[in-house]
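Spelled out from the first residue to the last, the chains are:
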Amino acid sequence: LGDTATSYEPYTGGVTNLYDGVDGLPITVDGLTFKRSNGRLLCTGTATKDFVRLQKKNISDILENNNAYTIYADTTTADLRLTVRLKRKDNNNYEYYNTINSQTATFTWNTSVYSEAYIYLVTGEKAFWNGSNSVASRFGLFKGSSFNSDDYAPVGINKPTFGEIKGVKNITVFTQGK
C-alpha cells in the first residue's frame, strides 16, 4: 500500500536505516530503561554511572568501502546521543562521530584506514538521569553524506540481511516492481 507498512507488505518509503536500535528492547542497563515508544526510542530511569552505553553493535561488515555515512538523531542533546567509533589501523586510536547537540554527523568508511566500526547510544552525565528526566528520539545510520529527516524510515525498519539467516550462503535476491 505505497509507503505504509501493513502485515502483508513491507515498508518501502523513506531511506534504509542501517541502525537497528530496537533489537532486544526493552532493556535496562546501569539503572536506565531503554524501550520503543510511539515510533521513537525512549530512555528513562536513574543512572548508576556516567556515560552509559546502549545497543552497541559492530557495523564494520555492513559499511561499504569509500562511502560516506550519516548518523541522525531528531532530538539533539548530549544526554542521549548516537555515536560511531572508528578504530584506526595505523595507531589503534579511535575517532568518534556523534549527535551531541547536532542532528547529524557524517563519516567516511575506508578499509585501508579503519579496522573496525561500532555504533551505539551513549548517555551523558548521571546527574541528568535522576529519575525525573527522559529523552525520546529517532536514531539512524544512513548511507550518504547528507540526510533529510523527511526521508526517515520508521524505527526498526531495515533492509533484510540474508547473511544472518542460518544456513543461507551465496544467495541471489531478485526484486520485481509492482
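Worth saying up front: this structure is predicted, and the values here are computed from it rather than measured.

Participant: Is there a simple way to explain the nonpolar core in this structure?
Facilitator: A general tendency of soluble globular proteins is for nonpolar side chains to be buried together. Of all hydrophobic cores here, the largest spans 30 residues; its most connected members are Leu80, Phe107, Leu121 and Leu141. Only strand E2 (32-37), strand E3 (40-46), strand E5 (67-73), strand E6 (80-88), strand E8 (104-109), strand E9 (114-123) and strand E11 (139-143) provide two or more residues apiece to this core. Leu80 has contacts with Phe34, Cys43, Leu54, Leu121, Val122, Thr123, Trp129, Val135 and Phe139, leaving out every residue within four places of it along the chain.

Participant: Would you mind going over the pattern of salt bridges with me for this structure?
Facilitator: Where side chains of opposite charge bring their charged atoms close, a pairing between them can arise. Counted according to the given criterion, the structure contains 8 salt bridges. Between Arg88 and Glu95 there is a salt bridge whose closest N-O contact spans 2.7 Å. Connected through shared salt-bridge partners, Arg40, Asp74 and Arg138 make up one network.

Participant: What's the story with the sheet that holds E8 in this structure? I'm lost.
Facilitator: Adjacent strands of a sheet pair through backbone hydrogen bonds, lying either parallel or antiparallel. Overall, antiparallel pairing links the 3 strands, which are arranged E8-E5-E11 in an open sheet. In the strand order of this sheet, the two ends are held by E8 and E11, each with one partner. Ignoring strand direction, the axes of neighbouring strands in this sheet form an average angle of 20°. Direction of pairing for E5 relative to E11: antiparallel, over a ladder of 5 bridges. Each bridged residue has a counterpart across the sheet, and for Thr70 the counterpart in E11 is Phe142.

Participant: Looking at this structure, how should I read unusual backbone geometry?
Facilitator: The bulk of non-glycine residues show a negative phi, and the bulk of peptide bonds are trans. Along the chain, Leu25 connects to Pro26 via a cis peptide bond; the corresponding omega equals 0°. As for its position among the elements, Pro26 is in the segment before strand E1 (27-29). For Phe51, which is not a glycine, the phi torsion comes out positive at approximately 55°. Within the secondary structure, Phe51 is located in the loop between E3 and strand E4 (53-58). Positive phi outside glycine occurs at Asn101, with the angle close to 55°.

Participant: Help me out: how do you make sense of the side chain of Glu116 in this one?
Facilitator: With respect to the helices, strands and loops of the structure, Glu116 is situated in strand E9. Side chain to side chain, Glu116 and Arg85 meet in a polar contact 3.5 Å long.

Participant: Sorry if this is basic, but what is going on with the environment of Val22 here?
Facilitator: Of note, Val22 is situated in the segment before E1. Through-space distance from the C-alpha of Val22 to that of Phe34 is 9.1 Å; in sequence the pair is 12 residues apart.

Participant: So what exactly am I meant to see when it comes to the packing of aromatic side chains here?
Facilitator: Aromatic rings in a pair are described by how distant their centres are and how their planes are angled relative to each other. Per the stated rule, a full pass over the model turns up 5 aromatic pairs. Taking the centre distance of 5.9 Å and the plane angle of 25° together, the rings of Tyr69 and Phe107 count as stacked. Linking Tyr69 in strand E5 with Phe107 in strand E8, this pair joins segments that are 38 residues apart in sequence. Taken individually, Tyr69 and Phe107 each receive the classification buried, so the pair is uniform in this respect. Plain terms: the ring middles of Trp109 and Tyr114 are 6.0 Å apart, the flat faces sit at 15° to each other, and that makes the pair stacked.

Participant: Explanation requested: the confidence of the model for the chain in the structure shown.
Facilitator: Interpretation of this model should avoid reading the predicted coordinates in detail wherever pLDDT is low. Per-residue pLDDT for the chain has a mean of 82; in total, 74% of the residues score no lower than 70. Counting contacts from residues 7-11, a segment whose pLDDT is below 50, to residues more than four positions away or on other chains yields 9 contacts. Across residues 155-166, confidence stays below pLDDT 50; counting only partners more than four residues off in sequence or on other chains, it has 18 contacts.

What counts and how
Residues numbered from 1 in each chain as written. Predicted model: local features only at pLDDT ≥ 70, side-chain atom pairs only at ≥ 80, totals over all residues. Heavy atoms only, no water. Core = buried A, V, L, I, M, F, W, Y, C linked by side-chain atoms within 4.5 Å. Buried < 20%, exposed > 50% of the residue type's maximum accessible area, 1.4 Å probe, protein only. Helix = DSSP H or I, 4+ residues; strand = E, 2+ residues; numbered from the N terminus. Contact = heavy atoms within 4.5 Å. Salt bridge = Lys/Arg side-chain N within 4 Å of Asp/Glu carboxyl O. Pairing = 2+ DSSP bridges. Axes fitted to C-alpha atoms, helices over the stretch in contact; angles between N-to-C directions. Polar contact = N/O pair within 3.5 Å; in protein donor to acceptor, adjacent residues only side chain to side chain. Phe/Tyr/Trp six-rings, centres within 6.5 Å; stacked < 30°, edge-to-face > 60°. pLDDT = per-residue confidence, 0-100.

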